[in-house]
Amino acid sequence: MRYFIVLLFFLTGCSSLKFWGKGSSEEPSPQQQRKTAKAIEEFNRGTQFLDREDYKKAAQVFRKLLADGPTTALELIARYNLGLAYEGLGKCKSAASTFRHVIKSSGNDHGRLRAQALFRLSQSYECLGEDAKVISSLLDVRRRAKFLPDEVALAEVPARLASAYARMGNRQVAEKYFIEAERGIKQLGGHRRSVSEQKELLARTLYMMGKLDIKHFSAKASDRYLQSLEYTQKYLLASVEMNHEKWSTRSAEDLLQKYAYVWDLIAEMKATDTDSRKVKRIKNQTVQSAINNIELLKKARFPDPESPPLVDTLFEKLNEKEKEFQAYLAGNLLGPELTKENKERFGLKRKGRLV
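What comes next concerns the included structure. Because the structure is predicted, anything quoted here is derived from the model rather than measured. (Residues numbered from 1 in each chain as written. Predicted model: local features only at pLDDT ≥ 70, side-chain atom pairs only at ≥ 80, totals over all residues. Heavy atoms only, no water.)

**A word on the state of the cysteines**
One pass over the full model with this rule turns up one disulfide. Two residues share a disulfide in this structure: Cys92 and Cys127, whose sulfurs sit 1.7 Å from each other. With a gap of 35 residues between them, Cys92 in helix H5 (residues 92-106) and Cys127 in helix H6 (residues 111-128) connect regions that are remote in the sequence. Overall, the relative accessible area of 12% leaves Cys92 in the buried class. Assessed through its relative accessible area of 7%, Cys127 is described here as buried. (Disulfide = S-S within 2.5 Å. Helix = DSSP H or I, 4+ residues; strand = E, 2+ residues; numbered from the N terminus. Buried < 20%, exposed > 50% of the residue type's maximum accessible area, 1.4 Å probe, protein only.)

Below, the structure written as structure tokens:
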């Protein structure tokens, strides 16, 4: 998991974790050693909860650990992992605040931790719908690319920049970063690894590139949601086509969830008597955009006559969703707008007409 990678390189590179010789003047007291050992034990317990995606218990452990005043060497990592727990719980504001604290406290001494915290902060801002801050954080992350795993620096960061720029309507810059992300994927494919390692790395990276936090997209941002989906869905499809037991399955589930969310957006769009046609038009546009995106996904599908069952099942379910969207449009056609004169002419309560 990603936080264990951070934990490993932070601990191995941290100058404050030392082993003292017996009788050294720097040797901690027995009480301090017991406190440190207890803090490490609790820290490991918290990371086990993170590994099991039990974010509630993980947050409890790391909050208590920080309240007890852990050794300096563990404090920043504990706070970073607390941010991960908040992220997993969907508490985007708390996660952002926690990652900002890590960035501010880490300074230049812990470059890797700072880079990772910046990257997670960008995802917290994405969750909050603050795309300008997403872009600012990711551009800062790019300046620290040497501290990041290759799959993050080469592929995931430019893919997330492409998605953020697309949501802000800057498709020209979005396309530039999309091309960069494509190059990054090819570079990852050229690294020397076993076949199974390569497959897992690419499937996981593509899944991470395609992840889109739907929680912050309200009905008012339905157009931004569909624009972002247009960019991210191709990564999820590529992950599904890798046919990896874990990450490809997650990618397929994520894709279907994203299209199911369109109905949630439609349900949020409430109309009054004065704007019913306008809202109906927006609903239809949202559904039509979803249909367009499914068609784009079909074109992006790799033409393999013997495609994995997971891919076939995915497109069968997407076809079902497309039919649902088409049926919705067929049942919600908008007639021509009536002029004031026509409204009086054809209205039920016009002069001289019995009601």
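Having seen it, we continue.
**Things to note about the pattern of salt bridges**
Overall, the coordinates contain 19 salt bridges when judged by the stated rule. When the shortest N-O distance is used, the salt bridge between Arg143 and Asp140 registers 3.4 Å. The partner of Arg160 in a salt bridge is Glu156, with the nearest N and O atoms 3.5 Å apart. Taken as a pair, Arg160 and Glu156 lie in helix H8 (residues 150-167) at a separation of four residues, close to a single helical turn. With relative accessibility at 5%, the residue Arg160 sits in the buried group. (Salt bridge = Lys/Arg side-chain N within 4 Å of Asp/Glu carboxyl O.)

**Comments concerning helix H11 (residues 222-241)**
The terminal C-alpha atoms of H11, which comprises 20 residues, lie 28 Å apart, in line with the 28 Å expected from a rise of 1.5 Å per residue. Approximately 35 degrees is the largest bend angle found in H11, and it occurs at Tyr231. Among the residues trailing H11, Asn243 stands out with phi positive, at a value near 60 degrees. (Expected span 1.5 Å × (residues − 1). Bend = angle between axes of the 7 residues up to and from the residue.)

**Concerning the side chain of Arg79**
Looking at the secondary structure, you find Arg79 in helix H4 (residues 72-88). One polar contact links Arg79 to His101, side chain to side chain, over a distance of 3.3 Å. Ignoring sequence-local partners within four residues, the contact set of Arg79 consists of Leu66, Thr98, His101 and Val102. (Polar contact = N/O pair within 3.5 Å; in protein donor to acceptor, adjacent residues only side chain to side chain. Contact = heavy atoms within 4.5 Å.)

**Observations concerning the nonpolar core**
With 58 residues, the main nonpolar core has Phe43, Phe62, Tyr80, Val157, Leu161, Met209 and Tyr235 as its most contacted residues. Tallying contributions element by element places H8 first for this core, with 10 residues. Phe217, Tyr261, Leu297 and Tyr328 belong to the second largest nonpolar core, which has 37 residues in total. (Core = buried A, V, L, I, M, F, W, Y, C linked by side-chain atoms within 4.5 Å.)

**Points about the packing of aromatic side chains**
Applying the stated criterion across every chain, the model contains nine aromatic pairs. Between Phe43 and Phe62, the aromatic rings sit 5.7 Å apart at their centres with planes inclined by 70 degrees, giving edge-to-face as the arrangement. Placement of Phe43 in helix H2 (residues 30-51) and of Phe62 in helix H3 (residues 55-67) is noted, with a sequence separation of 19 residues between them. Across this residue pair, the class does not change: Phe43 and Phe62 are buried. Linked through ring pairs, Phe178, Tyr231 and Tyr235 together constitute an aromatic cluster. Between the NZ or CZ atom of Lys234 and the centre of the ring of Phe178, over which it lies, the distance is 4.2 Å. Over the ring of Tyr231 we find Lys234; its NZ or CZ atom is 5.4 Å from the centre of that ring. (Phe/Tyr/Trp six-rings, centres within 6.5 Å; stacked < 30°, edge-to-face > 60°. Lys NZ or Arg CZ within 6 Å of the ring centre and 35° of its normal.)

Just distances and angles here, no functional claims.
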